[in-house]
Amino acid sequence: MPARPARERILGAAAKRFAADGIAATGIDAIVAEAGVAKMSLYNNFASKAALVEAYIEARHEELLSLYALRVARATGPVDACLAMFDAYLDHADSAPDATFRGCGLFNAAAEFPSGDPARASVRDHKAEIEAMLRAHLAEILDDTRAHEIAEHLTYVLEGAMARAGLDGRTERIANGRRIAAAILDAETTAVAA
């Protein structure tokens with residue numbers, strides 16, 4: 001099997017170290033050692049640690065979107081499509097390297113940076129995209145105002161479940177969040193049908 005490209009190995013090593021130790025506590029030397037590359041290789045692929053962090057944030061989001069695409073492809077309607085996001089978060093949590101799950105990697109990253117930092121803005125944009133995806137599904141069955149409100153509620157449940165799962169170091173909270181979301185969605189669809 002051919003060796004993975006250096007950029008991919010560096011991103012993988014950064015993901016592992018950032019998840020285990022945090023971004024601020026992880027130095028470049030730890031990342032290059034984990035990746036098995038020379039420091040120059042890191043700087044040939046990323047102009048700075050900040051650029052590596054931005055690539056890490058983007059990679060986490062793209063991983064989640066890929067997992068979501070697999071789940072939503074099997075959805076049988078808007079409610080299933082919303083619940084597929086919870087399933088994707090659970091899949092993402094279950095794929096954390098070497099039992100290093102500490103909750104949402106994006107929120108963990110954002111928490112390490114001051115207000116106004118570009119990394120925080122990236123995380124905010126990614127989270128807004130998730131909420132917009134939920135809102136689009138809900139707009140198929142609810143009016144725009146209610147779709148917006150319920151998407152926001154589901155986002156709170158989703159992110160809260162992920163945060164609690166990270167604190168516990170176990171993913172059961174995400175499954176519980178999915179059950180809460182299913183109850184919210186059931187109540188909404190019942191009200192619409194009435």
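Conventions we followed
- Residues numbered from 1 in each chain as written.
- Predicted model: local features only at pLDDT ≥ 70, side-chain atom pairs only at ≥ 80, totals over all residues.
- Heavy atoms only, no water.
- Helix = DSSP H or I, 4+ residues; strand = E, 2+ residues; numbered from the N terminus.
- Buried < 20%, exposed > 50% of the residue type's maximum accessible area, 1.4 Å probe, protein only.
- Contact = heavy atoms within 4.5 Å.
- Areas by Shrake-Rupley, 256 points an atom, 1.4 Å probe, with all protein chains shown as cover.
- Lys, Arg positive; Asp, Glu negative; His and termini not counted.
- Charge placed at Lys NZ, Arg CZ, Asp CG, Glu CD.
- UniProt positions renumbered as here; feature names shortened; annotations may be inferred.
- Expected span 1.5 Å × (residues − 1).
- Axes fitted to C-alpha atoms, helices over the stretch in contact; angles between N-to-C directions.
- Parallel < 35°, antiparallel > 145°, perpendicular 65-115°, else oblique.
- Nonpolar A, V, L, I, M, F, W, Y, C, P; charged D, E, K, R; others polar.
- Phe/Tyr/Trp six-rings, centres within 6.5 Å; stacked < 30°, edge-to-face > 60°.
- Lys NZ or Arg CZ within 6 Å of the ring centre and 35° of its normal.
- Core = buried A, V, L, I, M, F, W, Y, C linked by side-chain atoms within 4.5 Å.

Within the chain, the regular secondary structure consists of nine helices and zero strands. Put simply, the chain runs from its N terminus to its C terminus through helices and strands in the order α-α-α-α-α-α-α-α-α. Reported as C-alpha extents along the three principal axes, the dimensions of the chain are approximately 65 × 40 × 30 Å. Residues classed as buried in the chain amount to 41% of the 194 residues present. Summarising the internal contacts of the chain: among those between residues at least 6 apart in sequence, 66% fall at separations of at least 24. Of the roughly 9,800 Å² of accessible surface on the chain, a fraction of 56% belongs to carbon and sulfur atoms. Separation of charge centres in the chain, based on 21 positive and 28 negative side chains, amounts to 7 Å.

We now examine the UniProt feature "DNA-binding region" (unreviewed entry) in the chain. When the UniProt feature table is mapped onto this chain numbering, "DNA-binding region" (unreviewed entry) sits at residues 27-46. Between the end C-alpha atoms of residues 27-46 there is a gap of 14 Å, over a span that is 75% helix and 0% strand.

Attention shifts here to helix 4 (residues 49-72). In this model helix 4 runs 34 Å from its N-terminal to its C-terminal C-alpha over 24 residues, within 8% of the 34 Å that 1.5 Å per residue would give. All of the buried residues in helix 4 are Leu52, Val53, Ala55, Tyr56, Ile57, Ala59, Arg60, His61, Leu64, Leu65 and Tyr68. Summarising the contacts, the buried residues of helix 4 are in contact with helix 1 (6-21), helix 2 (28-35), helix 3 (39-45), helix 5 (78-94), helix 6 (105-111) and helix 7 (118-138).

At a minimum axis distance of 10 Å, the contact between helix 5 and helix 9 (residues 172-193) shows a crossing angle of 175 degrees. As judged from the angle between their axes, helix 5 and helix 9 are roughly antiparallel. Residues Val79, Cys82, Leu83, Phe86, Asp87, Tyr89, Leu90 and Ala93 of helix 5 touch helix 9, and the partners they reach there are Ile174, Gly177, Arg178, Ala181, Ala182, Leu185 and Thr189. When grouped by side-chain class, the residues that make up the contact of helix 5 with helix 9 number eleven nonpolar, two polar and two charged.

Right, let's get into the environment of Ser115. You can see Ser115 is positioned in the loop between helix 6 and helix 7. Since its relative accessible area comes to 72%, Ser115 is described here as exposed. When the C-alpha positions of Ser115 and Ala165 are compared, they lie 25 Å apart, and in sequence the two are 50 residues distant.

Per the counting criterion, the structure on display carries one aromatic pair. Sitting above the plane of the Phe107 ring, Lys127 keeps its charged end 4.7 Å from the centroid.

Of all hydrophobic cores here, the largest spans 54 residues; its most connected members are Leu52 and Leu138. Elements with a contribution of two residues or more to this core: helix 1, helix 2, helix 4, helix 5, helix 6, helix 7, helix 8 (144-168) and helix 9. Contact partners of Leu138, with chain neighbours within four places excluded, come to Cys82, Ala147, Ile150, Ala151, Leu154 and Leu185.

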